[in-house]
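A closer look at the structure
Letter by letter, the chains look like this.
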Amino acid sequence: MRSRPLSETERDLVATAPLFSALGEERFRDLVGKCRVECHAVGEYLFQAGDIADHLYFLLFGQLRLVRISAQGEETVMHFLTRACAFAEAISLAGRAYPVNCEVMEECEIVVVPRDACVALLRSTPRVATDVLVSLIEWERFLLDEVYQLRHTKPLQRIASFLIDFEDRSGEQSVGVNAVAYPEKRQIASRIGVTPETFSRSLRKLEAAGAIAKGPHLKILDRHILEQSAQMAG
Amino acid sequence: MINDIERIAGVLRFATYFRTWPQEDILELAGLCDWVRLDADTAMISSGQPALALYLIVNGHVELSFEDRSGKSGLIDLLGNGQLVGECALVPEGCYAVSVRTLEATTAIRIDGPGFSDFLADHFDCALTMMSAMTERLCQMLRQAEELKCRSAAQRLGIYLLADAVAIDGVYETPLTIEKSALARKLGMTSETISRALKKLVDVGVTQHSNGHIIRIANAEILAEWCGLAGNDGDENAFKTAV
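Residues numbered from 1 in each chain as written. Chains lettered and ligands numbered in written order. Predicted model: local features only at pLDDT ≥ 70, side-chain atom pairs only at ≥ 80, totals over all residues.

1. Side note on the confidence of the model for chain B
Residues and elements named next belong to chain B. Test applied: In predicted models, pLDDT denotes the confidence assigned by the predictor to each residue on a 0 to 100 scale. Remark: residues whose backbone-derived C-beta atoms lie within 7 Å of one another are considered to be in contact.
Mean pLDDT over chain B works out to 86, with 93% of the residues at or above the 70 mark. Scored below 50 in pLDDT, residues 232-237 shows two contacts in the model against residues more than four places distant or in partner chains. Low pLDDT (under 50) marks residues 239-243, which in the prediction has 14 contacts with non-local residues, meaning those over four places away or in another chain. Reported for the predicted complex are a pTM of 0.72 and an ipTM of 0.72.

This is the structure:
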């Protein structure tokens, strides 16, 4: 892992996160002076479940996955982070332990913000608590949707929804409409909570319907059909 | 004589969210609160509506449901005493993300959203404890999602039964205090799936008694291992959060 100070462009990008924009220019400049950009290689861990959350982060580019490991060592992918965004800000400010492992899927650069420096600045910043609560509420919506999908939708619907959402989230970074680089199939299966067998069966159905091409890399052929599959009665 | 604010403060100080707060802060918060009493099957908050207040459930049960982007709605959880709903009201011009409906006559404390938001803006340490409590709830939801992904219906039912089991004469018993249909909805299953799961659990020593109101577990360790909880010995929260 290598690290370096932030460039001007990176500073501007980080400033767009609600928590940091709420600090105001002067306080933000103080904070940035205490931050570093870390460059991580594939397979490295940014943090592991149970580590005290003493940093919050901003992903500049690259891909991360958030994973839980059961007592028996089984791995479940909980989320993929694929675009520039702040993360772990609420859990860090709350002073708790990270609930998941964060593993690098694709070489990435991440701004590392020390919790103590951030809390000290936030104390002197009026109304900033609201911005942190907003990020918590956004995570709550993500998890509500996740639990809803797991309880009330079928595997085929979840796969279709995932492919659509992932394409939407990766859209800004991809070269063409169908150039999205999806994670490995077994990781998607883990992320949406289906067995590899069910996943393969569902992909075959979607391919037969003309919605996707399986191949070595998944590709959406007809988004409309895929959307219909995601919406079908549960 | 105790006035209403003191009565509300008396309840707030035992809620997870506020129990570490100084007394004067709890009294100030109580000044933003009112009692509400709702009949059974009444909407407490509705998804998509402007979020104006949070509710702390004091006595009763409610069901929390979520509406997806296509407008379909499904139950997410059943909540009871001490739970807080409607945190979206802390965000200016926020809308509720979920609907909450009473399952029985329910008493709650209504906390004015904008007032509470202003209060937290002026009390950073209180805001930090709120963040911590909300984060803990998110971690529970994360574990719930993990359980839904990784465990079968019978395993999830087994974990639920273990969580409430009481040792009696060398065996464990779990009283079923809610209807099986409500239990099924809480665990994200149909009533038929619950019945099938109970039949499957017979093989690991789980039997029904008193017309299904008492569930007996012959060997809790074997059941825990069968449910994939080996390695979580002594961690009661692992059982609780697993459901």
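2. Structural notes on the UniProt feature "domain: Cyclic nucleotide-binding" (unreviewed entry) in chain B
How we decide: UniProt positions are given in the numbering used here, feature names are shortened, and annotations may be inferred rather than shown by experiment. Only runs of H or I of at least four residues qualify as helices and only runs of E of at least two qualify as strands under DSSP, and these elements are numbered from the N terminus.
Listed under "domain: Cyclic nucleotide-binding" (unreviewed entry) in the UniProt record, and renumbered for this structure, are residues 17-120 of chain B. Taken end to end, residues 17-120 of chain B comprises 15% helix and 41% strand; its first and last C-alpha atoms sit 13 Å apart.

3. What about the domain arrangement of chain B?
Residues and elements named next belong to chain B. For clarity, the threshold we go by: For the domains described, the bounds stem from an automatic or database domain assignment.
According to the domain assignment, chain B contains domain 1 (4-148) and domain 2 (151-242). Taking only C-alpha atoms into account, the centre of domain 1 sits 29 Å from that of domain 2. Residue-level contacts link seven residues of domain 1 with eight residues of domain 2. No other element matches helix H4 (residues 124-150), which puts four residues into the side of domain 1 that touches domain 2.

4. Concerning the domain arrangement of chain A
All names here are of chain A. Quick reminder of the rule: Any residue that is not Ala, Val, Leu, Ile, Met, Phe, Trp, Tyr, Cys, Pro, Asp, Glu, Lys or Arg is counted as polar, Gly included; the first ten are nonpolar and the last four charged.
Entries for chain A in the domain assignment read domain 1 (2-127) and domain 2 (153-231). For domain 1 versus domain 2, the distance between C-alpha centres works out to 28 Å. Each partner contributes to the interface: domain 1 provides eight residues, whereas domain 2 provides eight residues. In terms of residue count, strand S5 (residues 75-81) provides more of the side of domain 1 that touches domain 2 than any other element does, four residues in total. Grouping the constituent residues of the side of domain 1 that touches domain 2 by class yields three nonpolar, two polar and three charged.

5. Concerning the UniProt feature "domain: Cyclic nucleotide-binding" (unreviewed entry) in chain A
The sites that UniProt annotates as "domain: Cyclic nucleotide-binding" (unreviewed entry) are residues 19-122 of chain A. Helix makes up 23% of residues 19-122 of chain A and strand 45%, and the two end C-alpha atoms of the span are 9 Å apart.

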